[in-house]
Amino acid sequence: MSDNELGTFLRTWREAVTPAEVGLSAGPRRRTPGLRRAELATLAGISVEYLTRLEQGRDRNPSAQVLGALADALHLSLRDRMLLRRLTKEADGGDPLVCAAAPPLSRTARPTVRAVLDRLEPAPAVVLNWIGDVIAHTEGYARLAGPIGLLDGERPNLLRYVFTDVRARDAYRDWDRVADDLVARLRHDVPLRDPYVAELADELSVTAGAEFTRRFADLAMTPRRVVAQTVEHPEAGPLRLLYETLALPDDGQRIVVHLPADDATAAALDRLDGRRPGALRAVRLTG
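Computed from a prediction, not measured in an experiment: that's the story for all the values here. (Residues numbered from 1 in each chain as written. Predicted model: local features only at pLDDT ≥ 70, side-chain atom pairs only at ≥ 80, totals over all residues. Heavy atoms only, no water.)

(A) Up close: the packing of aromatic side chains. Under the counting rule described, the total for this entry stands at 5 aromatic pairs. Ring centres of Phe163 and Trp175 lie 5.7 Å apart, and the angle between their planes is 75°; on these two criteria the pair is classed as edge-to-face. Remark: Trp175 occurs in helix H11 (residues 175-189) and Phe163 occurs in helix H9 (residues 158-164); sequence separation between them is 12 residues. Accessibility assignment for this pair places Phe163 and Trp175 in one class, buried. Between Phe212 and Phe216 the ring centres are 5.3 Å apart and the planes differ by 20°, which places this aromatic pair in the stacked class. Here Phe212 pairs with Phe216, and both are found in helix H13 (residues 210-216), just 4 residues apart, close to one helical turn. Given the relative accessible area of 8%, Phe216 is considered buried. Ring-pair connections join several aromatic residues into one group, and the members of that group are Phe163, Trp175, Phe212 and Phe216. Directly above the ring of Trp175 sits Arg169, whose terminal nitrogen or CZ lies 3.7 Å from the centroid. Above the face of the Phe216 ring, Arg187 is positioned so that its terminal group lies 4.1 Å from the ring centre. (Phe/Tyr/Trp six-rings, centres within 6.5 Å; stacked < 30°, edge-to-face > 60°. Helix = DSSP H or I, 4+ residues; strand = E, 2+ residues; numbered from the N terminus. Buried < 20%, exposed > 50% of the residue type's maximum accessible area, 1.4 Å probe, protein only. Lys NZ or Arg CZ within 6 Å of the ring centre and 35° of its normal.)

Structure, rendered in structure tokens:
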């Protein structure tokens, strides 16, 4: 992992924002993608020299006012502003209060969490820890994920499956978006110096190569809030699914519940579960 995450974040966002998005003219002979350093510095009210030091990692402790000005200039969302704050704290040696409160990585689910899963049957629901290990699931999830190979092996892991199992590309019609979201969540929801993240990232850098490393290096990528995925199921055919995530912050875990996004998917899941047609109802996005 880079030791200059703050500088990488600022440079990545500067190169991703177009002059038009901040009210500037692109002009002729523009070779720099996104904004030039001088343009961002002017918008944020800081010197080019200071912005250069931040991007190069020679200054890792900008004031809250400077961070706010940069965030405003780059039009960062609230989520990206929170990540910028985390990066600044970690660049300055970490936040002892936050680090001390971080739970140890768990590969088991509490009895009460398992009881919640029991009540979610036969919906496809899974408990994941922050690096994507599958630590508990409903029988409905086994019927969904088992035939595509996701649950194979002693310790199934969602990221490892998506990036290293050839069956994942057949299973996920929009594989690139699935991969983007998984890595973005890993980047945004986990302490950046977490040793388990570093271990998994080192492994996938070797086994998955550039498909993983270029996403892991992109700090501007953010996970989508509402996600629809199409899973090509070998028994049920194409399934269009939405999912809702329920966070368990004290455990460093989350419950992910998959929901049918159309009537055909609802009927197919009913068949997989051995239930009468119409038992499940499709959930449709509005707005």
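Continuing now.
(B) Fine view of empty space enclosed by the protein. Under the defined criterion, the tally for this structure stands at 2 cavities of 30 Å³ or more. Reported here for the largest cavity is a volume of approximately 280 Å³. Leu158, Tyr172, Gln229, Tyr243 and His258 are the residues nearest the centre of the largest cavity, which is lined by 21 residues in total. For the lining of the largest cavity, the elements supplying multiple residues, two or more each, are strand E1 (125-129), helix H8 (139-145), H11, strand E3 (227-233), strand E4 (237-248) and strand E5 (253-260). Broken down by element, the residue count for the lining of the largest cavity peaks at 4 residues, all from H11. The class makeup of the residues in the lining of the largest cavity is 15 nonpolar, 3 polar and 3 charged. (1 Å grid on protein atoms, 1.4 Å probe; cavity = no way out; pocket = protein on both sides within 12 Å on 5 of 7 lines; lining within 4 Å. Points joined across faces, edges and corners; volume = space filled by probe spheres on them. Nonpolar A, V, L, I, M, F, W, Y, C, P; charged D, E, K, R; others polar.)

(C) Here's a closer look at the packing of helix H2 (residues 37-44) against helix H4 (residues 64-73). Running from N to C, H2 and H4 cross one another at 115°; their axes reach a closest spacing of 8 Å. Between H2 and H4 the crossing geometry is right-handed. Residues Leu40, Leu43 and Ala44 of H2 form the contact with H4, whose own contacting residues are Ala69, Leu70 and Ala73. Looking at the contact of H2 with H4 residue by residue, the classes come out as 6 nonpolar, no polar and no charged. (Axes fitted to C-alpha atoms, helices over the stretch in contact; angles between N-to-C directions. Left-handed = near helix turned anticlockwise from the far one by under 90°. Contact = heavy atoms within 4.5 Å.)

(D) Summary view of the pattern of salt bridges. Per the stated rule, a full pass over the model turns up 17 salt bridges. When the shortest N-O distance is used, the salt bridge between Arg160 and Glu203 registers 2.7 Å. Note that Arg160 is positioned in helix H9 and Glu203 in helix H12 (residues 195-207), a separation of 43 residues in sequence. Overall, Arg160 belongs to the partly exposed group, its relative accessible area being 27%. We note a salt bridge from Glu232 to Arg173, for which the minimum N-O separation is 2.4 Å. Of this pair, Glu232 sits in strand E3 while Arg173 sits in the loop between helix H10 (166-171) and H11, and the two are 59 residues apart along the sequence. Among the residues examined, Arg173 registers a relative accessible area of 55% and is labelled exposed. It is possible to trace a salt-bridge network through shared partners that takes in Arg169, Asp176, Asp180, Glu211, Arg214 and Arg215. (Salt bridge = Lys/Arg side-chain N within 4 Å of Asp/Glu carboxyl O.)

(E) Spotlight on the packing of H2 against helix H3 (residues 48-56). The N-to-C vectors of H2 and H3 enclose an angle of 110°; their axes lie 9 Å apart at closest approach. On the basis of their axis angle, the class for H2 and H3 is roughly perpendicular. Taken as a pair, H2 and H3 cross one another with a handedness that is right-handed. When H2 is examined against H3, the residues Arg37, Ala38, Leu40 and Ala41 are found in contact with a partner set consisting of Val48, Leu51, Thr52, Glu55 and Gln56. Partitioning the contact of H2 with H3 into residue classes produces 5 nonpolar, 2 polar and 2 charged. (Parallel < 35°, antiparallel > 145°, perpendicular 65-115°, else oblique.)

(F) The arrangement of the pairing of E4 in detail. Pairing of E4 with E5 involves 8 bridges; the strand directions are antiparallel. Counterpart to Leu248 in the pairing with E5 is Gln253. The hairpin turn running from E4 into E5, its antiparallel successor, is 4 residues long, and Gly252 in that turn takes a positive phi close to 65°. (Pairing = 2+ DSSP bridges.)

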